[in-house]
Amino acid sequence: MGLYRRGKIYWFTTMQDGKRIQVSTKTDNKRLAEAIYAKAKTEVIEGKWFENQAKRYTLKNMFERYESEYTDHKDYYQKARDKTVFKHLYAYFGEDSKLQEVENRIGGYEQWRKSQGKKPGTILKELGLLRRIFNIARKQWKWKIQNPVSEIELPKVRNERVRYLTPEEYGRLLKALDETDEKWIKPVVILALDTGLRLNNLCNLLWSEVNLFSRVITINAEKMKNDDYIGIPLTDRTYETLKELQKVRSLSDYVFHDNGQRLYDRKVQRAFKRVLKKAGIENFRFHDMRHTFASYLRQKGEDLHTIAVLMGHRDLRMTKRYAHLSTESLRAAISKLNETATFLLQSNEHKQAESV
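Below or above, wherever it landed, is the structure these notes cover.

A look at helix H3 (residues 59-69)
Right, on to step 1. Residues of H3 that are buried: Leu-59, Met-62, Phe-63 and Tyr-66. Take H3 and look down its axis: the buried residues cluster within an arc of 95 degrees, on one side only.
Right, on to step 2. In the core, the buried residues of H3 are packed alongside helix H4 (76-93), helix H5 (99-105) and helix H7 (120-139).

This is how it looks when you write it as structure tokens:
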């Protein structure tokens, strides 16, 4: 342990709390390197090396490491989304801002983005990525830092939209799917309607997750939005659709593809918009087929707990948006009040008659 040269640059090695510290002084000047090493040894002796080192980290240090360890291993669109978020965060905080400066200024980020006309949902996703990166730095990289995003109130997003296909729109959609030249889109839509899976899960669906013998799709927790395992039984239509797809199975093992080319969210969404235009369906998104799945189940009298399990909701908060679509259970409850009121009325009339 001590000061040494690696090429022209001086480095030093020391220990704190049983952890080996190896750091470049970033200089070839021996006297300056010795001064840097002496300061570092003092911090180690005082047990403040890691704490003080964390104060020197910049936003750029953190983002570059996250990009190399995580972003670079994502698919094309997820990678692009991460880099877009980095750009906005750099624009507000500055690339070379210390993490302490991020903590001091984080409270103003929401209003800054709102002044640019951005919606709460967009801001929430950006802050969500920043929170994830800070958590990774703390838990995985063991940086002695706080997570400033956890200390602020995040934007409130109202996701209560429940847009689902009417029976007439449903028929027009299927007809347009039969007539489109992009034949690969129909199987994707069929599974979306009959499983309620998100578009990302459909694009990444593997044959290893499909069991045609048991007629079930099983997706592991790490691929789900809420990090929870999901198993969805197949309808007859979905089963037949998947059997047909097996005949033209892609070598990549992805269930859905276009002549062997893997499908991505944007490509599917663009093709779906063309189908909607052909079908004359307005104000409808691909994600609304998930609402259609849940809404039809609810209208058929299915209970909210079962719908929540099928949709991969951890609790009923998200599922309750479909509660109003079935009033039969409520009607049964109200009918009990009718029975109670009738009983009390008759009992009271009987008592009055006896007293006369």
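With respect to the packing of H4 against H7
Right, on to step 1. For the pair H4 and H7, interaxial distance at closest approach is 10 Å and the crossing angle is 90 degrees. As summarised for this structure, H4 and H7 are arranged roughly perpendicular, according to the angle between their axes. Contact residues: Asp-82, Val-85, Phe-86, His-88, Leu-89 and Phe-93 in H4; Glu-126, Leu-129, Leu-130 and Ile-133 in H7.
Right, on to step 2. In terms of residue class, the contact of H4 with H7 is made up of seven nonpolar, one polar and two charged.

Let's talk about the side chain of Arg-163
Right, on to step 1. Assignment of secondary structure puts Arg-163 in the loop between H7 and helix H8 (167-179).
Right, on to step 2. For Arg-163, a relative accessible area of 15% gives the class buried.
Right, on to step 3. Looking at Arg-163, its side chain comes within polar contact range of the side chain of Glu-169, at 3.0 Å.
Right, on to step 4. If sequence neighbours within four positions are ignored, Arg-163 has contacts with Glu-169, Ile-281, Glu-282, Asn-283, Phe-284, Asp-288, His-291 and Thr-292.

How each quantity is defined
- Residues numbered from 1 in each chain as written.
- Predicted model: local features only at pLDDT ≥ 70, side-chain atom pairs only at ≥ 80, totals over all residues.
- Heavy atoms only, no water.
- Buried < 20%, exposed > 50% of the residue type's maximum accessible area, 1.4 Å probe, protein only.
- Helix = DSSP H or I, 4+ residues; strand = E, 2+ residues; numbered from the N terminus.
- Arc of directions from axis to C-beta.
- Contact = heavy atoms within 4.5 Å.
- Axes fitted to C-alpha atoms, helices over the stretch in contact; angles between N-to-C directions.
- Parallel < 35°, antiparallel > 145°, perpendicular 65-115°, else oblique.
- Nonpolar A, V, L, I, M, F, W, Y, C, P; charged D, E, K, R; others polar.
- Polar contact = N/O pair within 3.5 Å; in protein donor to acceptor, adjacent residues only side chain to side chain.

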